[in-house]
Amino acid sequence: MVGYRECITQISRAAINIVQSISHRLDHMNSGIGAQIAVTVFGQDLRELRAAAYDMQSRMQPIPGVVNLQIEPQNEISQIRL
């Protein structure tokens, strides 16, 4: 018998995060992050931050027990500083 996680991970390019909805909402409200463990990187250059995120992801993925490792999508938007 194949479990739900095995079935869902067959979807290409999908970022999977399975949690109970109320637990996820409470965690997100308290921390602003809907994950049990999160790594936050700060900086000025979004491209540099993305590179750091992918580097961390490649280093963390092989760790036993790490599942649903994701990078939060960030979009570049134009802005004017006044």
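Preceding this paragraph is the structure being described.
None of the values given here were measured: they were computed from a predicted structure.

J.: I would appreciate a short explanation of the pattern of salt bridges in the present structure.
T.: Any two side chains of opposite charge can pair if their charged atoms end up close together. Inspection of the entire model under this criterion finds one salt bridge. The salt bridge involving D55 is made with R59; its shortest N-O contact spans 3.1 Å. Of this pair, D55 and R59 both sit in helix α3 (residues 46–60), four residues apart, roughly one helical turn. For D55, a relative accessible area of 36% puts it in the partly exposed group. Classification of R59 as exposed rests on a relative accessible area of 60%.

About the cut-offs
Residues numbered from 1 in each chain as written. Predicted model: local features only at pLDDT ≥ 70, side-chain atom pairs only at ≥ 80, totals over all residues. Heavy atoms only, no water. Salt bridge = Lys/Arg side-chain N within 4 Å of Asp/Glu carboxyl O. Helix = DSSP H or I, 4+ residues; strand = E, 2+ residues; numbered from the N terminus. Buried < 20%, exposed > 50% of the residue type's maximum accessible area, 1.4 Å probe, protein only.

Function-wise, these values are silent; they only describe arrangement.
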